[in-house]
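# Working through the structure, step by step
Listed here are the chains, written in short residue letters.
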There are 2 protein chains.
Amino acid sequence: MFWILFGIFLAACFAAGSTGGLFPPGAWYRELKKPSWTPPDWVFPVTWTTLYICMATAGARVALSDGNAIAMALWSLQIALNGLWTPVFFGLQNIRLGMIVLALLWLSVAATLVALWMVDWIAGALFVPYLVWVTIAGGLNASVWRLNPDIAR
Amino acid sequence: MFWILFGIFLAACFAAGSTGGLFPPGAWYRELKKPSWTPPDWVFPVTWTTLYICMATAGARVALSDGNAIAMALWSLQIALNGLWTPVFFGLQNIRLGMIVLALLWLSVAATLVALWMVDWIAGALFVPYLVWVTIAGGLNASVWRLNPDIAR
């Protein structure tokens, strides 16, 4: 049962993550001024794949637990927001709206982490790297906004 | 508790649905040949809002029930796929890939309907209009593909 659940949650992660392949960073992103600590492009898919495995494990563990209502609702919310950033940032090339999406994603990931932890601390801990990464992504988005005031809408 | 859960699931629906506002049907869509039974544009947000209320109700009911693991995992999967179609169809203007997304969405909605029903038949029934609407949307996407062979990629 665990592995079926893991597979479904992982499919949800990759559905959200497929936007990364559909709206790849193109010439527009390459020409933006970026902070010196910007990770190279290959880091993003590698990191996300690792995070997806953690997120799916957390989801499957808590799905099998009693009292999972809030945690499961929030898991759904964060995955719906997760798939939104790439089309907004790379598709619409809207840096400011990307920042808003990331802020909402950060809040939903933090809330999911807490709700998961209250059911099963291992599941909560599996969301910690995800929250750290969304924080870094938020810093990157904010820096790009600051460094490109003429392009940022 | 029901209303908190309802609110979180509804927020997930609107996060996915926000792609409809971010990637609106523009000149490209207006100039496509469409079947005579194509609903007018205003029908889509009205229908989706109604469906979101049904989907959030179903999610909240089953979140509070025992044995909800598969249903909750599938609810997450369908909402992750739900937000994907609009950026693919209207954003990338990729009719063929839109058809693939709709097929995956249809399968995930059908599976979620069955899994919800097995926990709580009312929740399953609340997904019936959603499955009907995704079927109609699939028919529309397929017709647009057939009627615009030169545009469809």
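Above this note sits the structure.
These notes cover the structure that comes with them. What you are looking at is a predicted structure, and each value in this text was computed from that prediction instead of being measured.

On a plain count of helices and strands, chain A comes out with eight helices and zero strands. Listed by position from the N terminus, the elements making up chain A come as α-α-α-α-α-α-α-α. Taken over the C-alpha trace, chain A has a radius of gyration of 16 Å; the compact-globule value for 153 residues is 15 Å, and the two agree within 12%. When each of the 153 residues of chain A is scored for burial, the buried share is 54%. Once local pairs closer than 6 in sequence are excluded, the contacts in chain A between residues at least 24 apart make up 79%. Surface summary for chain A: the accessible area is close to 6,700 Å², and the carbon and sulfur share equals 71%. Within chain A, the 5 negative side-chain charges are centred at a point lying 11 Å from the centre of the 7 positive side-chain charges.

As a further point, take the relation of the copies chain B and chain A. Note on the chain copies: they are related by a rotation about an axis and a translation along it. Expressed as a screw transformation, the operator carrying chain B onto chain A has a rotation angle of 180 degrees and an axial translation of 0.0 Å, and the superposed copies differ by an RMSD of 0.0 Å. What we have between these two chains is a two-fold relation. When the interface residues of chain B are mapped onto chain A, 100% of them again fall at the interface, so both copies present the same face.

Listed as interface residues are 33 residues of chain B and, on the opposing side, 33 residues of chain A. Roughly 2,500 Å² of surface becomes buried between chain B and chain A when both sides are summed, with 84% attributable to carbon and sulfur atoms. Area buried by chain B at its contact with chain A is led by I8(B), L22(B) and I70(B), which between them contribute 19% of it. Joining chain B to chain A, the criterion identifies zero salt bridges. Among the elements of the structure, α1 (2–22), α4 (69–82) and α5 (85–91) of chain B are those that each provide at least two residues to the side of chain B that touches chain A. Here the side of chain B that touches chain A is built from residues that sort into 28 nonpolar, four polar and one charged.

Criteria and cut-off values
Residues numbered from 1 in each chain as written. Chains lettered and ligands numbered in written order. Predicted model: local features only at pLDDT ≥ 70, side-chain atom pairs only at ≥ 80, totals over all residues. Heavy atoms only, no water. Helix = DSSP H or I, 4+ residues; strand = E, 2+ residues; numbered from the N terminus. Rg over C-alpha atoms; globule rule 2.2 N^0.38 Å. Buried < 20%, exposed > 50% of the residue type's maximum accessible area, 1.4 Å probe, protein only. Contact = heavy atoms within 4.5 Å. Areas by Shrake-Rupley, 256 points an atom, 1.4 Å probe, with all protein chains shown as cover. Lys, Arg positive; Asp, Glu negative; His and termini not counted. Charge placed at Lys NZ, Arg CZ, Asp CG, Glu CD. Least-squares fit on C-alpha atoms with pLDDT ≥ 70 in both. Buried area = accessible area lost by both parts, 1.4 Å probe. Salt bridge = Lys/Arg side-chain N within 4 Å of Asp/Glu carboxyl O. Nonpolar A, V, L, I, M, F, W, Y, C, P; charged D, E, K, R; others polar.

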